[in-house]
Amino acid sequence: MKRRSTIDQQKWWKRLREHQYIRAILFCSIGFILYILLLGNVIPETLDIRLSQIADKDIRSPITIEHRTATEERRSTAVDEIGPVYDLKREYAQHQVKKVDDIFDVVNKAKNMEEELVPGRDLEEEPLGEEELIELQIEYMKEVLSLRRSNGITDQTLIALLDAGESQLQIAKETTTNAVHEVMSERISIRELADAKQEVSNQIAVSTVSNRLLDAMIEVAQFAIIPNYIYDATATEQIRQEAAESVEPVLIREGQLLVKEGEMIDHDIYEQLRIVGLLDGSFNIFPYIGLALLVLLITGMLAYYVNEAQTSVQKNNSHLLMYTLIFIVTVSLMKITSLLEGLEIQGIGFVVPVTLGAMLITLLIHTRLAIYSGIMFAVIGSIMFNNETVGTFNFTYGFYMLFSSFAGAYFLDKSNRISRILRAGLFVSAINIVAVIALLFMKSVQSGWFEIGMHVGFAFLSGFVAAVLTIGLLPFFEAGFGILSTSRLIELSSPNHPLLRKILVEAPGTYHHSVVVGNLAEAACESIGENGLLARVGSYYHDLGKTKRPHFFIENQMRMENPHDKISPQLSRTIIIAHPYDGADLLREYKMPKEIIDIAEQHHGTTLLKYFYHKANKDADQPIPESQFRYPGPKAQTKVSAIVGIADSVEAAVRTIQKPTPDKIEALVRKIIQDKLEDGQFDESNLTLKELDQIAVSILETLKGTFHQRIEYPEDVKGKGEKG
C-alpha cells in the first residue's frame, strides 16, 4: 500500500512538472514573438551621409544627448568673461600708519642714546665725534628698520630726521601719518601706486617745515604707500568655476530638427549627426539588451497575473494556449497595421484593431484578464507605432489603444448576448473617436480639419474592424478549444438541440424538472456573481442520463406503476446511481463542452440514496454500509455544479410538499442546504457560508413565483338564486 502511494506521488509530480513545462514554453513563445516583432522598432537608424552632401529629407535627433564640444566652448567663453577678482585690504592703511609711527619712534630713540651705541666705551675719556655718532645712529636705525622690513629709506632722509628738532619731528610725524592714512584709505592697485605716491607727496607739501625735512617726510610717506587692492587668486578661481558650472549643457534634444530637406551637410551638422549616432555604423548591443529586458518584464508580469488571477487560464493549459494565440494574433495585427504608416496617410495607424484581443479574451476567458492584457497591448503598441516619432515610445498610440481595449472589455462584460458584438464595436468606435480628438486637441500645434477627419474616420473603422474580426474568429477558437462561450451556451439552450429533444420526447417529466432547476440555478448563480447562463444550460442537460431508463424516475411515471416496487433496493440503487454517469457519457459522445459534462457528472456528488438505503436496511439481516448507497462522485468541483445540485434537490423536494407555504418552503430549502453542507458536498466547490445564504434567498425568491398563492374561486352552483 505504501509503495502504491509512493508511485502515485511520483506520477502526480511528473504531471505537475509537465504542466509547468508546457506553461513555460507558452510564455516563452509570447516573449520570443514579441521580441521579433518589436526588434525593428528599437534598432537605431543609421544614415549614409557625407560632408557637403544635400539632405534628401528632414533628419531629427532620435535621442536626447549632450553636445560635449559645444558645452565646453560655452564654459570656456563663460570663464574668459570673468575678470580677475581683487580684494580691498582696508587693514593695510592702519598697518602702514603704524609703520610710519615706528620710523619716527626709532629716530627719537636713536637721538637720545649714545652709550647704548658703543657699549663698554668710556665716553668721558673718549667721547664720540659728531660724524661717528651719526654713523652709529644710522646703523642702529637701519638695523631696527631692517628687522621691521623698512628698506627703501636713504641715509639722507634718516640724517634729516635726526637733525630735526623735537617739535619739528613731531609735526613731521603727525603730517606724514595723516597723509599716509588719507591716501591708504582709498583703493590703490598696482597700476595706481605711482599716482598714490604722488598724491601723498602733494598732501605733505603743504606742511610748514624745512625743505630738507619735507623731502624726508615725502620719502617716508611714499615708502609707506603700498597697493591695498590685491588680486585674489582663490576667489577668482572660485568665481570662474561657478561660472563654468552655471553654464547649461548644450543638448541635442529628442525630435530636434538637425537638418532640413535640401540643406547642405556642413561640419557642424555632420558632427551633430555623429553625436546622436546616426552615422555610427558599428554594432550597438544595448538596444538589443534593453528590448530583451522589456520583453522579459512584459512576459514575466503577464505570467504572474495569469497564474494568480482566478480564471480558467490559471490551471487549464488548453485555455492558456488559446490565450497565447489570441495575444500573438493581436500583436501581429498591430505590427501589420504599424507598417501601413509607410503609406504616409494621415492617421492610418489609428485603424489598428487592438480591441480584437480584449473582445476575444472577454468572451472566451474573463474580463479581468482582458483589461490586464489591454494594458500590455498599449505598452507594446506605443513601441510598434513609433515610426512618426524619433523616440522609442509613441504615447499617443499607447493611450489610444488603452482606452480602446478598456472600452471593448467593459461593454462586452455587460452583455450575455453575442449578437451585441457589432454594437460593442460601435461603442468602441465612439470611444476611439473621443480619444483621438482629445489627443489631437492637446497638441500645441493644432491640426487641420481634414487631418482631424482622417484620424476620426480611421478611429471609427478600428472598432468596426475589431468587431467583425471577433465575430469571424470566435467560432474557430470555440470549436478548436471547446470553449463554452455565451454564444455557444445560447445555441445549446435551444429546444431544437438533439439532446434536449431527446429528453423532451423520452422523459418529458425530466425535461420539465430540468427547466425549473435551470430557473433556480441561474438566479442563484447570478446572486453570487457566477455564470448564470452556464448554470441554466447545465441544468437542462444534468439529468440526460435518465433517458436511458426514464420510467424508473418518478417525474416520468405518469399514471403507471412504480417499477421500483418490483425490484430489490440494490438494483434500484444501481439504476438511480447510474444516471449522472450515463448522461456524462452521452454528452461526451455528442462532444459537448466539458463544463456541461462536469455539471451532469457532479450534481449529485457523493450523496446518499436515503430511501433505498433505509429500505435495504429494513430487509437486511445486518446493517449495510452507507458507502454502498452513495453516488461515487466526484463532489462538485465548481460553484456552478454545487448550485445545480442544490437546485435539483430543492425542486424535487418542493414538489412533494402538500399545500406549500412560504414557511414550509423556506424550512425545506434551508434543511437541504444544511444537510449537504454537513455531508461535505461543498468541500471542493469553494462555496462560502455567506454565498450559501445568498443562494438560499435567491432560490426562495424564485420559488415564490412558482408556488404563489392563487385566489380560491367559490363554486358556481347551477341555478343558485334563480327561479324555476
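Details of the structure are given in the entry above.
Residues numbered from 1 in each chain as written. Predicted model: local features only at pLDDT ≥ 70, side-chain atom pairs only at ≥ 80, totals over all residues. Heavy atoms only, no water.

Asks: Quick rundown of the overall build of the chain? Include the residues and the values.
Replies: Of regular secondary structure, the chain possesses 27 helices and 6 strands. By residue count, 45% of the 724 residues in the chain fall in the buried class. Sequence separation of 24 or more characterises 77% of the internal contacts of the chain that already satisfy a separation of 6 or more. Only carbon and sulfur atoms are counted for the fraction: they give 55% of the accessible area of the chain, which is about 40300 Å². (Helix = DSSP H or I, 4+ residues; strand = E, 2+ residues; numbered from the N terminus. Buried < 20%, exposed > 50% of the residue type's maximum accessible area, 1.4 Å probe, protein only. Contact = heavy atoms within 4.5 Å. Areas by Shrake-Rupley, 256 points an atom, 1.4 Å probe, with all protein chains shown as cover.)

Asks: Give me unusual backbone geometry: which residues, what numbers.
Replies: Cis geometry is adopted by the peptide bond preceding Pro634, which originates at Gly633 and carries an omega value of 5°. The phi torsion at Lys591 lies on the positive side, around 55°, for a residue other than glycine. By the secondary structure assignment, Lys591 is in the loop between α22 (569-589) and α23 (594-602). By relative accessible area, Lys591 is classed as exposed at 70%. Although it is not a glycine, Asn686 adopts a positive phi angle of roughly 65°. Mapped onto the secondary structure, Asn686 falls in the loop between α26 (662-678) and α27 (689-706).

Asks: Would you mind going over the packing of helix α12 (residues 317-339) against helix α17 (residues 449-481) in detail, with residue names and values included?
Replies: Helix packing for two helices is described by the angle between their axes and how far apart those axes are. Running from N to C, α12 and α17 cross one another at 155°; their axes reach a closest spacing of 11 Å. Judged on the interaxial angle alone, α17 and α12 are roughly antiparallel. Our pair here, α12 against α17, has a crossing hand that is right-handed. Residue-level inspection shows Ser318, Leu321, Met322, Leu325, Ile326, Val329 and Leu333 of α12 in contact with α17, the latter providing Leu469, Leu473, Phe477 and Phe481. (Axes fitted to C-alpha atoms, helices over the stretch in contact; angles between N-to-C directions. Parallel < 35°, antiparallel > 145°, perpendicular 65-115°, else oblique. Left-handed = near helix turned anticlockwise from the far one by under 90°.)

Asks: How would you sum up the environment of Ala600? Please name residues and give values.
Replies: As for its position among the elements, Ala600 is in helix α23. Classification of Ala600 as buried rests on a relative accessible area of 0%. It is 7.2 Å that separates the C-alpha atoms of Ala600 and Gly538, two residues lying 62 residues apart in sequence. In this structure Ala600 touches Tyr541, His542, Pro580 and Leu587, once residues within four positions along its chain are discounted.

Asks: Can you tell me about the pattern of salt bridges, naming the residues and giving the values?
Replies: Under the defined criterion, the tally for this structure stands at 24 salt bridges. What emerges from the salt-bridge pattern is a single network uniting Asp543, Lys546 and Glu555. (Salt bridge = Lys/Arg side-chain N within 4 Å of Asp/Glu carboxyl O.)

Asks: Now, about the side chain of Thr607: what can you tell me, with residues and values included?
Replies: Looking at the secondary structure, you find Thr607 in the loop between α23 and α24 (610-619). Looking at Thr607, the relative accessible area reads 12%, which means it is buried. Polar side-chain contacts of Thr607 include one of 2.8 Å to the backbone oxygen of His604. (Polar contact = N/O pair within 3.5 Å; in protein donor to acceptor, adjacent residues only side chain to side chain.)

Asks: Could you give an account of the packing of helix α11 (residues 286-308) against helix α14 (residues 367-384), with specific residues and numbers?
Replies: One way to put it is that α11 packs onto α14 with a least axis distance of 11 Å and a crossing angle of 175°. Comparing the axis directions of α11 and α14 gives the class roughly antiparallel. The residues of α14 that touch α11, namely those facing Leu294, Ile298, Met301, Leu302, Tyr305 and Val306, are Arg368, Leu369, Tyr372, Met376, Val379, Ile380 and Ile383. A breakdown of the residues in the contact of α11 with α14 according to their chemical character gives 12 nonpolar, no polar and 1 charged. (Nonpolar A, V, L, I, M, F, W, Y, C, P; charged D, E, K, R; others polar.)

Asks: If you had to explain the environment of Asn108 to someone new, which residues and values would you point to?
Replies: Its location among the elements puts Asn108 in helix α3 (residues 91-111). Between the alpha carbons of Asn108 and Glu166 there is a distance of 8.2 Å; along the sequence they are 58 residues apart.

Asks: Residue-level account of the nonpolar core, with values.
Replies: Phe327 and Met334 are the most contacted members of the largest nonpolar core, which totals 69 residues. Mapped by element, the contributors of at least two residues to this core are α1 (2-42), α11, α12, α13 (355-364), α14, α15 (395-413), α16 (421-441) and α17. Leaving out residues up to four positions away in the same chain, Met334 has contacts with Val352, Val354, Phe377, Ile380, Gly381, Met384, Phe385 and Met401. In terms of nonpolar packing, the next biggest core, distinct from the first, is built from 51 residues, Ile596, Ile646, Val669 and Ile673 among them. (Core = buried A, V, L, I, M, F, W, Y, C linked by side-chain atoms within 4.5 Å.)

Asks: Describe in detail a nonpolar patch on the surface, supporting the description with residues and values.
Replies: Taken together, the side chains of Ile285, Phe286, Ile289, Leu293 and Leu296 make up a nonpolar region of the molecular surface, amounting to roughly 530 Å² of accessible area. Relative to the elements of secondary structure, Leu296 occurs in helix α11. (Patch = residues over 30% accessible without salt bridge, like charges linked within 9 Å, V, L, I, M, F, W, Y side chains within 5 Å.)

Asks: Give a detailed account of α3, specifying residues and quantitative values.
Replies: Residue pairs spaced three or four apart in an α-helix point in one direction, given the helix's 3.6 residues per turn. Taking 1.5 Å of rise per residue, 21 residues should cover 30 Å, and α3 covers 31 Å from first to last C-alpha, within 8% of that figure. Turning to α3, its buried residues are Ala93, Gln96, Val97, Val100, Asp102, Ile103, Phe104, Val106, Val107 and Ala110. (Expected span 1.5 Å × (residues − 1).)

Asks: Outline the environment of Leu257, supporting the account with residue identities and numerical values.
Replies: As for its position among the elements, Leu257 is in strand β6 (residues 257-259). Classification of Leu257 by relative accessible area gives partly exposed; the value is 30%. When the C-alpha atoms of Leu257 and Ile59 are compared, they prove to be 6.0 Å apart, with 198 residues separating the residues in sequence.

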